[in-house]
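Here are the chains, one letter per residue:
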Amino acid sequence: MVSTLLPLETWGLFSSGKRPVVISGPCSAESREGVLGAARAVSALGVEVFRAGAWKPRTSPHSFAGFGEEALPWLVEARAETGMKVMTEVASPLHVEAVLKAGLDAVWIGARTTTNPFLVQEIAEALRGSDLPVLVKNPMSQEVALWIGALERLADVGLKKLGVIHRGFTSCEPSRYRNLPYWQIPISLKQQIAGLPVFCDPSHIAGDRSYVSEIAHQASDIGFDGLMIECHQNPSAALSDASQQITPAELGRLLRSLEHRSVSVEDGQMQALLDDYRARIDRLDADLLQTLAHRMEISEQIGLLKKEHQLSVVQPQRWEKLEERAVKNGADLGLDADFVRRLFRLIHQASIERQF
Ligand code: PEP
Ligand code: MN
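None of the values given here were measured: they were computed from a predicted structure. (Residues numbered from 1 in each chain as written. Chains lettered and ligands numbered in written order. Predicted model: local features only at pLDDT ≥ 70, side-chain atom pairs only at ≥ 80, totals over all residues. Heavy atoms only, no water.)

Asks: Sorry if this is basic, but what is going on with the domain arrangement of the protein here?
Replies: Interface size is commonly expressed as the accessible area that is lost once the parts come together. When the domains of the protein are assigned, the result is domain 1 (8-257) and domain 2 (268-355). Centre-to-centre, using C-alpha coordinates, domain 1 lies 45 Å away from domain 2. Surface buried jointly by domain 1 and domain 2 totals about 720 Å² across both partners, of which 68% is contributed by carbon and sulfur atoms. The three residues of domain 1 that bury the most area against domain 2 are I187, Q191 and I222, which together make up 61% of that side's buried surface. Where domain 1 packs against domain 2, one counts zero salt bridges. Broken down by secondary-structure element, the contributors of at least two residues to the side of domain 1 that touches domain 2 are α7 (184-192) and α9 (209-222). (Domains from an automatic or database assignment. Buried area = accessible area lost by both parts, 1.4 Å probe. Salt bridge = Lys/Arg side-chain N within 4 Å of Asp/Glu carboxyl O. Helix = DSSP H or I, 4+ residues; strand = E, 2+ residues; numbered from the N terminus.)

Okay, structure coming up:
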């Protein structure tokens, strides 16, 4: 059970009292100059927490994997110069030890790590006794139980400054985004865990800088507590996630275009959106039942006609055609062929029973 979480405003990271709060900085800490330059630029935009990955989980072993511990003093220097709080990603107990030793202000657990309960447990143990704020990114797959499990492991060692970052989910569905948002998942997580601060990372959802702003706006409209946005002074030359990072000028435009809300309305907006989704589902379910009932009535009429003219109830050819057409129409609407086939077989069965 994740209970007794401390509210975001008591974490000592954000003091403006406005929502969404903003974390920004480059994907990775590439050099001391790069870190300091980016920190100065985002701090000038009012960003309160600076991010930069010291250890980078990369798909290929030949890609830039971060400077590791060597990068931590750069973050400490960025804090001293700008006054921002600083955070990085931890993916092992060794990372946690180094971060605690360097005195960073917060950490996040990356999507690939959340997927692994052994690692999350080791990280939690390493954090035991500290009161470091931890933001847990969603696992790569839509397995919400893993996300909740990670939070529970952290809560069980006594951590109370816990939040989550929604960075989208890997999916085979065609999409212009790198990771699909499936907004209902973080919204329902927020519902399930009282007081859980929920951040959105539009950069990793987008995967392309041209979509970052639209996703940030959606998150803000839904009522997310915060945003984590990747920002680099020269994105196309970045050593990781080059295509999704935005420049400080673009970040400035994005932040100015967001309507920051006061703290009090945030939960209301998230709740209102969820209520709206559910009301729409309820209406659609009622329509579905009406349509099915109507379909059965017509089936019955057909049954009477067949009886009158001594035709057999089941007409395989007609049924094959009907199923084929349903699967094709369903596919055009993005519905899974197997699902449509199973659904129509059930309907057909019920229809036949009405005609006896
Ligand atoms: C990151 O924030 O740079 C990162 C690696 O994120 P994720 O775990 O969401 O891929
Ligand atoms: Mn990144």
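Asks: How do you make sense of the packing of helix α3 (residues 93-102) against helix α5 (residues 117-127) when you look at a structure like this?
Replies: Contact geometry of α3 with α5 gives a least axis separation of 8 Å together with a crossing angle of 25°. The orientation of α3 relative to α5 falls into the category roughly parallel. For the element pair α3 and α5, the recorded crossing hand is right-handed. Here P93, V96 and L100 of α3 come into contact with α5, specifically with E122, I123, A126 and L127. Taken together, the residues of the contact of α3 with α5 sort by class into six nonpolar, no polar and one charged. (Axes fitted to C-alpha atoms, helices over the stretch in contact; angles between N-to-C directions. Parallel < 35°, antiparallel > 145°, perpendicular 65-115°, else oblique. Left-handed = near helix turned anticlockwise from the far one by under 90°. Contact = heavy atoms within 4.5 Å. Nonpolar A, V, L, I, M, F, W, Y, C, P; charged D, E, K, R; others polar.)

Asks: Would you explain the packing of aromatic side chains in this entry?
Replies: For any two aromatic rings, the description comes down to two numbers: the centre-to-centre distance and the angle of the planes. For the structure shown, the criterion picks out seven aromatic pairs. Here the basic side chain of R176 rests over the ring of Y211, its NZ or CZ set 4.7 Å away from the ring centre. (Phe/Tyr/Trp six-rings, centres within 6.5 Å; stacked < 30°, edge-to-face > 60°. Lys NZ or Arg CZ within 6 Å of the ring centre and 35° of its normal.)

Asks: Is there a simple way to think about the pairing of strand β5 (residues 106-109) in this case?
Replies: Regular strands place side chains that alternate from one sheet face to the opposite one. In β5, alternate side chains face the same way, and those of A106 and W108 on one face and V107 and I109 on the other are all buried. Relative to β5, strand β4 (residues 85-90) is paired through four bridges, and the arrangement is parallel. By the bridge assignment, V90 is partnered in β5 with I109. Summarising the sheet, β5 and strand β6 (residues 134-137) pair through three bridges and their orientation is parallel. Bridge pairing in β6 places W108 opposite L135. (Buried < 20%, exposed > 50% of the residue type's maximum accessible area, 1.4 Å probe, protein only. Pairing = 2+ DSSP bridges.)

Asks: What is the right way to read the pairing of strand β9 (residues 226-230) from this model?
Replies: Of all the five residues making up β9, five are buried; the element is thus mostly covered by neighbouring parts of the structure. Side chains G226, M228 and E230 project from β9 onto one buried face, and the interleaved L227 and I229 project onto a second face that is buried too. Two elements, strand β2 (residues 21-25) and β9, share five bridges in a ladder whose sense is parallel. Within β9, the position partnered with I23 by the bridge is M228. Inspection of the sheet shows strand β8 (residues 198-200) paired to β9 by two bridges, in the parallel sense. Among the inter-strand pairings, F199 is bridged to a residue of β9, identified as G226.

Asks: Just to check I follow, could you spell out the coordination of the manganese ion (ligand 2) for this structure?
Replies: Put simply, a metal with four donors set out as a tetrahedron has ideal angles of 109.5 degrees, and one with six donors set out as an octahedron has ideal angles of 90 or 180 degrees. With distances of 2.1 to 2.4 Å, the protein atoms coordinating the manganese ion (ligand 2) are C27 (SG), H204 (NE2), E230 (OE) and D241 (OD). Between consecutive donor residues of the manganese ion (ligand 2), the sequence gaps follow C-x176-H-x25-E-x10-D. Of this pair, H204 sits in helix α8 (residues 202-206) while D241 sits in the loop between β9 and α10 (248-257); the two residues are 37 residues apart in sequence, bridging distant segments of the chain. For the pair H204 and D241, a shared accessibility class is recorded, and that class is buried. (Donors = N, O, S within 2.8 Å, 3.2 Å for Na, K, Ca; no water.)

Asks: In this structure, what is going on with the nonpolar core? I would like to understand it.
Replies: Considering soluble globular proteins, one finds that nonpolar side chains tend to be buried as a cluster. Ranked by size, the top nonpolar core spans 76 residues in total, and within it F50, V134 and L154 carry the most contacts. For V134, the residues in contact, after removing those within four places along its chain, are V107, I109, L127, L154, L159, K161, L162 and G163. (Core = buried A, V, L, I, M, F, W, Y, C linked by side-chain atoms within 4.5 Å.)

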